[in-house]
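# Observations on the three-dimensional arrangement
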Amino acid sequence: MEHRLEHTILLVLLTTASSIASSREEFMEAVAYLRNYGYLHVPLDIRDQNYPPGKVEEVLRVFQKVTGLPPSGNLNSATLAMMHKPRCGLGDTFNNNSLRYRVMGYWRKKTLTYRINNYTPDLGQARTRLAIHNAFKYWSNVSPLRFREVQQGTADIKFSFHRQDKTCPVPFDGRGYVLAHADGPESGIVHFDADELWTEGKDYGSNLMVVAAHEIGHALGLGHSQYYGALMGPVDNGLRSNFRLHPDDIQGIQALYGKPEKHSPSRHPGQSVPGRSIPDPCKAAMDAIMLGPLQKMYVFSGQYVWPVSDTGHSTPAPISALWKELPGNLDAAVHSPRTGKSYFLKGDKVWRYAGFKLDRGFPRPLTTIPSNIDAAFYSIQSKKIIFMKGAGYWQWDEIGPTDFSSYPKTIGHLFHGFPGNPSAAFTWLDGHIYVFKGTWYWRVSKHSQAVEKSFPRGVKTHWMQCDD
Ligand code: ZN
């Protein structure tokens, strides 16, 4: 009897010791998960990941609420199990004071094309296509959006399967955990993890149609929902073929694109899809101009870009053919010969490229300068990047610290004689700055820091070298 009791005590001790050891490990794992998906931010002043007391509990409660668990704030086994479930690779950023759907952007047209670049061998070509076709139906049923598959050329929404490789700046993680990721409008990138077992109408594996419908939701502009039953919830909750959209999904897509049209207008075969026409460099409005990389001049307009040289312009190509992840209708583009980086701004985001390769972690939100910048250029004199908006400008040091509290300053302090609200700007190799507005451009002398006398000139005849 005594012997048995001793044995029991020993067992209890062993069990307790092992649960303490694993819970410390589990705690660190949970913190890593919460950081990875945007619940916890890395404190700038703390290197060893110590968070203020109660912070981890606070965000655990949010995670538990979003994933349909009792919001205890305790790292219990159900919460850990939820963190091991397959999920979407995008972070869980929610609205601060509202449970509502979150919006990441929108398309300025309602008919979108899509292209499937490769297929999962688990389903084969025909069933992969059917799954994605059916995934679009969830969204076209409750909105005026229409989707059309194309087999060649550039499409608005681009699907592909890749694994833990270099084909995407964000590699996948093998089977399980992250299933897919996507970019918001107007990028249209949707990637599936090729290491998953993709299935259709089965109770095992990952249901391609449901995961595709979720990622299409991102591609159309919806972020993650705080409702566990919603299609846009972050964790794959085992939704199967017969699931329906949650009211939060429907309200979100209708907030972006409106309700379905009662009589959808029938398009004649062969009629062109609006918004996809190739611009004429002699007439098009310019969104941004950039010198470099490779000391080449690039003009951006809508979805297109074309290089300009001393001998004139060349044929426009889709922006995504050169900078794969970039959306169209950019606000500004600037290349820095100091760091070799190119920056592209649109809305409240910035994309940074080394050559034609997107840097890790981009696009990022603009935090120190306002959204919807007019133009940007590199100043050879100050070795800084200048952002312009309206009558103001901000000067940014890429390498050293910048005190943004003294900005914006008026453009008049930078150079005299320019009316403000530029549409594009760049510094030419000789150090002169060219500023564009509508159909006119001005040259700022590097010697006088003022607009030269014979300007403005017409973009079309003088700069693009088009015949009148
Ligand atoms: Zn997602």
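Residues numbered from 1 in each chain as written. Predicted model: local features only at pLDDT ≥ 70, side-chain atom pairs only at ≥ 80, totals over all residues. Heavy atoms only, no water.

### A closer look at the coordination of the zinc ion
- The zinc ion binds to the protein through Cys 88 (SG), His 214 (NE2), His 218 (NE2) and His 224 (NE2); the donor distances cover 2.0 to 2.2 Å.
- One way to put it: the four donor atoms around the zinc ion meet at angles of 102 to 116°, and that makes the site tetrahedral.
- All donors of the zinc ion belong to a single chain; written as a sequence motif, their spacing is C-x125-H-x3-H-x5-H. One end of the pair is His 214 and the other is His 218, both in helix α5 (residues 208-220) and four residues apart, which spans about a single turn.
- Residue classification places His 218 among the buried residues on the basis of a relative accessible area of 0%. (Donors = N, O, S within 2.8 Å, 3.2 Å for Na, K, Ca; no water. Tetrahedral: all angles 85-135°; square planar, octahedral: opposite > 155°, others 65-115°. Helix = DSSP H or I, 4+ residues; strand = E, 2+ residues; numbered from the N terminus. Buried < 20%, exposed > 50% of the residue type's maximum accessible area, 1.4 Å probe, protein only.)

### Quick look at the packing of helix α4 (residues 124-140) against α5
- Where α4 meets α5, the axes come as close as 8 Å, and the angle between the chain directions of the two elements is 50°. In terms of orientation, α4 and α5 fall into the oblique class. The way α4 lies across α5 gives a crossing that is right-handed. From α4, Thr 128, Ala 131, Ile 132, Asn 134, Ala 135, Phe 136, Tyr 138 and Trp 139 reach across to α5, where they touch Leu 208, Met 209, Ala 212, Ala 213, Ile 216, Gly 217 and Leu 220.
- Of the residues belonging to the contact of α4 with α5, the class tally is twelve nonpolar, three polar and no charged. (Axes fitted to C-alpha atoms, helices over the stretch in contact; angles between N-to-C directions. Parallel < 35°, antiparallel > 145°, perpendicular 65-115°, else oblique. Left-handed = near helix turned anticlockwise from the far one by under 90°. Contact = heavy atoms within 4.5 Å. Nonpolar A, V, L, I, M, F, W, Y, C, P; charged D, E, K, R; others polar.)

### Some thoughts on the confidence of the model for the protein chain
- Residues with a pLDDT of 70 or more make up 87% of the protein chain, whose mean pLDDT is 84.
- Contacts of residues 1-21 to residues separated by more than four positions or lying in other chains number zero contacts, the stretch itself having pLDDT below 50.
- Confidence drops under pLDDT 50 across residues 264-275; counting only partners more than four residues distant or on other chains, this segment forms eight contacts. (pLDDT = per-residue confidence, 0-100.)

### Concerning the environment of His 41
- Looking at where His 41 falls in the secondary structure, it is placed in the loop between α1 (2-36) and α2 (55-66).
- When its relative accessible area of 60% is taken as the criterion, His 41 is described as exposed.
- Expressed as a C-alpha distance, the spacing of His 41 and Tyr 51, which sit ten residues apart in the sequence, is 9.3 Å.

### So, a nonpolar patch on the surface
- On the surface, a cluster of nonpolar side chains totalling about 290 Å² of accessible area is made up of Leu 294, Leu 322 and Phe 356.
- Following the sequence through the fold, Leu 322 ends up in helix α7 (residues 319-322).
- Judged by its relative accessible area of 31%, Leu 322 falls in the partly exposed class. (Patch = residues over 30% accessible without salt bridge, like charges linked within 9 Å, V, L, I, M, F, W, Y side chains within 5 Å. Areas by Shrake-Rupley, 256 points an atom, 1.4 Å probe, with all protein chains shown as cover. Salt bridge = Lys/Arg side-chain N within 4 Å of Asp/Glu carboxyl O.)

### Some thoughts on the pairing of strand β25 (residues 440-444)
- Across five bridges, the pairing between strand β24 (residues 433-437) and β25 is antiparallel. Bridge pairing in β25 places Ile 433 opposite Val 444.
- Connecting the antiparallel pair β24 and β25 is a turn made up of two residues, with Gly 438 showing a positive phi of about 60°.
- As paired strands, β25 and strand β26 (residues 457-458) are joined by two bridges and run antiparallel to one another. Along β26, the bridge assignment pairs Trp 440 with Gly 458. (Pairing = 2+ DSSP bridges.)

### What to know about the pattern of salt bridges
- Under the defined criterion, the tally for this structure stands at eleven salt bridges.
- The salt bridge partner of Asp 397 is Arg 338, with a shortest N-O separation of 2.9 Å. Highlighted residues: Asp 397 in the loop between β21 (392-396) and β22 (409-410) and Arg 338 in the loop between β14 (332-335) and β15 (341-346), separated in sequence by 59 residues.
- Look at the salt bridges and you will find they share partners, linking Arg 108, Glu 186 and Lys 346 into a network.

### Points about the nonpolar core
- Core analysis: the biggest nonpolar cluster contains 61 residues, and Phe 300, Trp 323, Phe 344, Met 388, Phe 415, Phe 436 and Trp 463 have the highest contact counts within it.
- Residues in contact with Phe 300, not counting those within four places in the same chain, are Ala 285, Met 286, Asp 287, Ala 288, Met 290, Val 305, Ile 319, Trp 323, Leu 330, Ala 333 and Phe 344.
- Within the second largest apolar cluster, 40 residues are counted, among which are Phe 147, Ala 180, Leu 222 and Leu 231. (Core = buried A, V, L, I, M, F, W, Y, C linked by side-chain atoms within 4.5 Å.)

### What about the sheet that holds strand β6 (residues 189-193)?
- Pairing is mixed in the open sheet, where six strands are placed in the order β1-β5-β6-β4-β2-β3. Sheet topology places β1 (87-88) and β3 (146-149) at the edges, where each strand pairs with a single neighbour.
- As paired strands, strand β2 (residues 111-116) and strand β4 (residues 157-162) are joined by three bridges and run parallel to one another. Bridged to Tyr 114 within β4 is Ile 157.

### A word on the pairing of strand β5 (residues 178-182)
- In terms of residue burial, β5 counts as a mostly covered element, since five of its five residues are buried.
- Alignment of β1 against β5, held across two bridges, turns out to be parallel. The residue bridging Cys 88 from the neighbouring strand is Ala 180, located in β5.
- With three bridges joining them, β5 and β6 adopt antiparallel strand pairing. If you follow Ala 182 over to β6, its bridge partner there is Val 190.
- Linking β5 to β6, which pair antiparallel, is a turn of six residues; within it Gly 188 sits at a positive phi near 75°.

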